[in-house]
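# Descriptive structure summary
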Amino acid sequence: MTKKQYLTKLKNLIQGLPLDEQKEALEYYSNYLDEADDLQQTIEELGSPEDLASSIIDKFSCVPAKVKTSKKKSTEDESFKKESSFDNAYYDNYEDESLEFTFEKEKIANLGIAVGTGNIVIKSGSVYKVETRGISSMDFRCEVNKAGTLIIENRKGFPQKKNRYDGKKSHWGPRILITIPSNVKLDNFKISVEAGKLATKGVSLFSNRTMIDVKASDFRFKGIKSKATVVNCTMGNLELAGSFTGLTKVNSNMGSVSIDVEESEREVSFQSSVFLGSARFNGKKLGGIKEDLIFDRKENHYVVTSKLSNVYLRTSDF
């Protein structure tokens, strides 16, 4: 792989970061590769673009998000400013605000995550810990309810770029870093991400029931083991890797869904309903307006509905 190919892939994988942080990371690794005595060996040491991108996102997730502004002459009068729907004071007040929450492992039976938008990293640790940057405490909920459910919720919408009434441009990059215990066991795990980017690092999570809902985000989750799973993808890019036993339902409207499972092909059965998209099971493509049923249903069964999306399912022996 050439330097240009490596950096191009890396750039595509870190597009969820603010532009200044993308530039900082790409300049650093461009110079790093320029100084290498052996380019291929250095690339091997850095790892794949996917692994390096995950490390970069993890690094920046702990850095306070800031609003970058640039002044521009404005001709709007005061009455227009007051009527503007973009609340400047709201964004100016908490651009550097950070929040932190810690919970004991023994008190958590369920985990529920709901994020409007932002960059989310989930990593492995010894306790449950939630850290945020650039999110107001008024809009963030993090608590354990009576049922033992840890609720992590941020429904506030954040514009990535927006022209304000005074002519300034803003760039916002809210972050959420979630640490969960290694090999944690949950009764229920539910996660919903509307927009932004999510990645995991060294996660090992066991769940009896799992629900994953992705709207328009770039969602990559590795290290999950689930006994009953529902996956909904509206128009994002979703990648899962782990063990999915029992019944797994995958509903995808637009975008791409890729699932790598630990089970072998002989342990899995596959059923699909395909409209204008496609579905692949270990390379076998099912396309067009049709329904494909596998009657030899096994204990680990996948039911896939693909409308305008591409769904890929690969077993460990493929």
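The present account deals with the structure reproduced in this document. (Residues numbered from 1 in each chain as written. Predicted model: local features only at pLDDT ≥ 70, side-chain atom pairs only at ≥ 80, totals over all residues. Heavy atoms only, no water.)

## Notes on the packing of aromatic side chains
- In total, this model carries seven aromatic pairs according to the counting rule given.
- Measuring from centroid to centroid gives 6.4 Å for Tyr29 and Tyr32, while their planes differ by 65°, and the two rings are edge-to-face. Here Tyr32 and Tyr29 lie together in helix α2 (residues 19–34), a separation of three residues that amounts to about one turn.
- Judged by its relative accessible area of 16%, Tyr29 is buried.
- Taking the relative accessible area as the measure of exposure, Tyr32 reaches 35% and is therefore partly exposed. (Phe/Tyr/Trp six-rings, centres within 6.5 Å; stacked < 30°, edge-to-face > 60°. Helix = DSSP H or I, 4+ residues; strand = E, 2+ residues; numbered from the N terminus. Buried < 20%, exposed > 50% of the residue type's maximum accessible area, 1.4 Å probe, protein only.)

## Comments concerning the side chain of Thr229
- Mapped onto the elements, Thr229 comes out in strand β12 (residues 229–233).
- Residue class for Thr229 comes out buried when judged on its relative accessible area of 3%.
- Setting aside residues no more than four positions away along its own chain, Thr229 makes contact with Thr210, Phe244, Leu247, Thr248 and Lys249. (Contact = heavy atoms within 4.5 Å.)

## A short note on the pattern of salt bridges
- Across all of its chains, the model carries nine salt bridges by this definition.
- Arg220 is the salt-bridge partner of Glu239, the closest N and O atoms lying 3.4 Å from each other. Here Glu239, found in strand β13 (residues 237–244), pairs with Arg220, found in strand β11 (residues 205–226); they are 19 residues apart in sequence, far enough to count as distant.
- The partly exposed category is assigned to Arg220, whose relative accessible area is 22%.
- Each of Arg141, Glu143 and Glu153 takes part in salt bridges that share partners, so that together they form one network. (Salt bridge = Lys/Arg side-chain N within 4 Å of Asp/Glu carboxyl O.)

## Overview of the nonpolar core
- In this structure, Ile122 and Phe219 are the most contacted members of the largest nonpolar core, which totals 49 residues.
- If near-sequence neighbours (up to four positions away) are discounted, Ile122 is found in contact with Ile113, Ile178, Ile180, Ile191, Leu198, Ala199, Thr200, Lys201, Val203 and Phe221.
- Grouped together as the second largest cluster of nonpolar side chains are 14 residues, Tyr6, Leu13, Leu26 and Leu33 included. (Core = buried A, V, L, I, M, F, W, Y, C linked by side-chain atoms within 4.5 Å.)

## Side note on helix α1 (residues 3–13)
- For α1, the full list of buried residues reads Tyr6, Leu7, Leu10 and Leu13. When α1 is viewed along its axis, its buried side chains cluster within an angular range of 120° and face the same direction. (Arc of directions from axis to C-beta.)

## Some thoughts on the packing of α1 against α2
- The interhelical angle for the contact between α1 and α2, taken along N-to-C directions, is 160°, at an axis separation of 11 Å. As far as their axial angle goes, α2 and α1 are roughly antiparallel. As α1 runs across α2, the sense of the crossing is right-handed. Between α1, through Lys3, Tyr6, Leu7, Leu10 and Lys11, and α2, the contact on the second element is made entirely by Gln22, Leu26, Tyr29, Ser30, Leu33 and Asp34.
- Looking at side-chain class alone, the contact of α1 with α2 contains six nonpolar, two polar and three charged residues. (Axes fitted to C-alpha atoms, helices over the stretch in contact; angles between N-to-C directions. Parallel < 35°, antiparallel > 145°, perpendicular 65-115°, else oblique. Left-handed = near helix turned anticlockwise from the far one by under 90°. Nonpolar A, V, L, I, M, F, W, Y, C, P; charged D, E, K, R; others polar.)

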